[in-house]
Amino acid sequence: YIARAEIYLGRLDFQQAFSNYQQAYTLDSTPLALMGLADLYTTFGMLDEAYSHIKEVLKRDDDSWMYYFGVDPDRHRMETDRLLMNIYEGLRNREKYSAATGLSGIKSLFNRIKYACLFWFHERKYRSASYNVGKSNESQGNRLDAAWAYYIANQNYRGKAEHYLGLSEQIEVEVAPA
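Residues numbered from 1 in each chain as written. Predicted model: local features only at pLDDT ≥ 70, side-chain atom pairs only at ≥ 80, totals over all residues. Heavy atoms only, no water.

With that settled, consider the overall build of the protein. Along its length, the protein carries nine helices and zero strands. If one aligns the C-alpha atoms of the protein with their principal axes, the spans along those axes are about 60 × 45 × 35 Å. Taken over 178 residues, the protein has a buried fraction of 37%. About 10,800 Å² of surface is accessible on the protein, with carbon and sulfur atoms providing 53% of the total. Computing the positive centroid from 21 side-chain charges and the negative centroid from 23, the protein places the two 7 Å apart. (Helix = DSSP H or I, 4+ residues; strand = E, 2+ residues; numbered from the N terminus. Buried < 20%, exposed > 50% of the residue type's maximum accessible area, 1.4 Å probe, protein only. Areas by Shrake-Rupley, 256 points an atom, 1.4 Å probe, with all protein chains shown as cover. Lys, Arg positive; Asp, Glu negative; His and termini not counted. Charge placed at Lys NZ, Arg CZ, Asp CG, Glu CD.)

This part takes up the layout of surface pockets. By volume, the largest pocket amounts to about 310 Å³. Counting residues per element, the ones that place at least two in the lining of the largest pocket are α1 (2-10), α3 (32-43) and α6 (73-96). Of all the elements, α6 adds the most residues to the lining of the largest pocket, at five residues. (1 Å grid on protein atoms, 1.4 Å probe; cavity = no way out; pocket = protein on both sides within 12 Å on 5 of 7 lines; lining within 4 Å. Points joined across faces, edges and corners; volume = space filled by probe spheres on them.)

What follows is about unusual backbone geometry. Positive phi values are uncommon outside glycine, yet Leu12 reaches one of about 60°. With respect to the element layout, Leu12 can be found in the loop between α1 and α2 (14-27).

The next subject is the packing of aromatic side chains. A complete count under the given rule lists nine aromatic pairs for this structure. Summarising the aromatic geometry, the rings of Tyr150 and Tyr164 are spaced 5.1 Å apart at their centres and angled 45° between planes, so their arrangement reads as tilted. Of this pair, Tyr150 sits in helix α8 (residues 143-153) while Tyr164 sits in helix α9 (residues 158-175), and the two are 14 residues apart along the sequence. Across this residue pair, the class does not change: Tyr150 and Tyr164 are buried. By way of ring pairs, the aromatic residues Phe14, Phe18, Tyr41 and Phe44 are connected into one cluster. The positively charged end of Arg92 is found above the aromatic ring belonging to Phe119, 5.1 Å away from the centroid. (Phe/Tyr/Trp six-rings, centres within 6.5 Å; stacked < 30°, edge-to-face > 60°. Lys NZ or Arg CZ within 6 Å of the ring centre and 35° of its normal.)

All right, on to the packing of helix α4 (residues 47-59) against α6 then. Contact pair α4 / α6: the axes reach a minimum separation of 10 Å and the direction vectors enclose 150°. In terms of orientation, α4 and α6 fall into the roughly antiparallel class. Note on packing geometry: the crossing formed by α4 with α6 is left-handed. Between α4 and α6, the contacting residues are Leu47, Asp48, Ala50, Tyr51, Ile54, Val57 and Leu58 on the first element and His76, Thr80, Leu83, Leu84, Ile87, Tyr88, Gly90, Leu91 and Arg94 on the second. Looking at the contact of α4 with α6 residue by residue, the classes come out as 11 nonpolar, three polar and two charged. (Axes fitted to C-alpha atoms, helices over the stretch in contact; angles between N-to-C directions. Parallel < 35°, antiparallel > 145°, perpendicular 65-115°, else oblique. Left-handed = near helix turned anticlockwise from the far one by under 90°. Contact = heavy atoms within 4.5 Å. Nonpolar A, V, L, I, M, F, W, Y, C, P; charged D, E, K, R; others polar.)

One finds Tyr21, Leu40, Ile54, Met78, Tyr88 and Leu91 to be the most contacted residues of the largest nonpolar core, which totals 36 residues. Other than its neighbours up to four places away in sequence, Leu91 contacts Leu47, Asp48 and Tyr115. (Core = buried A, V, L, I, M, F, W, Y, C linked by side-chain atoms within 4.5 Å.)

Time to look at α2. Helix length check: α2, at 14 residues, gives a terminal C-alpha distance of 20 Å against a target of 20 Å (1.5 Å per residue), a fit within 8%. Within the sequence span of α2, burial applies to Ala17, Asn20, Tyr21 and Ala24. Angularly, the buried residues of α2 cover 100° about the axis, an arc narrow enough to put them on a single face. Within α2, the exposed residues directed more than 90 degrees away from the buried face are Gln15 and Thr26. Taken together, the buried residues of α2 touch α1 and α3. (Expected span 1.5 Å × (residues − 1). Arc of directions from axis to C-beta.)

Structurally, the position occupied by Ser108 is in helix α7 (residues 102-139). A polar contact is formed between the side chain of Ser108 and the side chain of Ser98, at a distance of 3.3 Å. Those residues within four positions of Ser108 in sequence are excluded, and the remaining contacts are Glu95, Ser98 and Ala100. (Polar contact = N/O pair within 3.5 Å; in protein donor to acceptor, adjacent residues only side chain to side chain.)

In structure tokens, the structure reads:
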């Protein structure tokens, strides 16, 4: 159900994606469906719902499911921080474009600053986790995933990001020539 939900999310079909994530959640106790729902809600601007789902994921302290699905803690951290980064960016923008004045305007300004700081914090954590995932992939001989993770880690540094993106393309061409 999760794979189907991701396909529907890619097609921006909210109802079908939501239905499949809900079905996955009823059948599986791992946080994967909750993370998918958070991603779905973020994509469609339902930031409060997304935030409540990702907070539920972060409350869980049993990480045994990761080994079954082949997810390491760095990759999980990378995904949760990606979601939080996107949620806080959306919340910051929501405050930025609100028509608040007076005391409400001051509160909105403080919220924008708070969300900007939280966005920055989770972006840094996301980039750091991406780098760690890249190192892990590289040590396992997975050059393509390593290059892609390094690209994500360096997206704020255009020269390095382009280098790793080019390396990803080169590896793909080597593996599957035209």
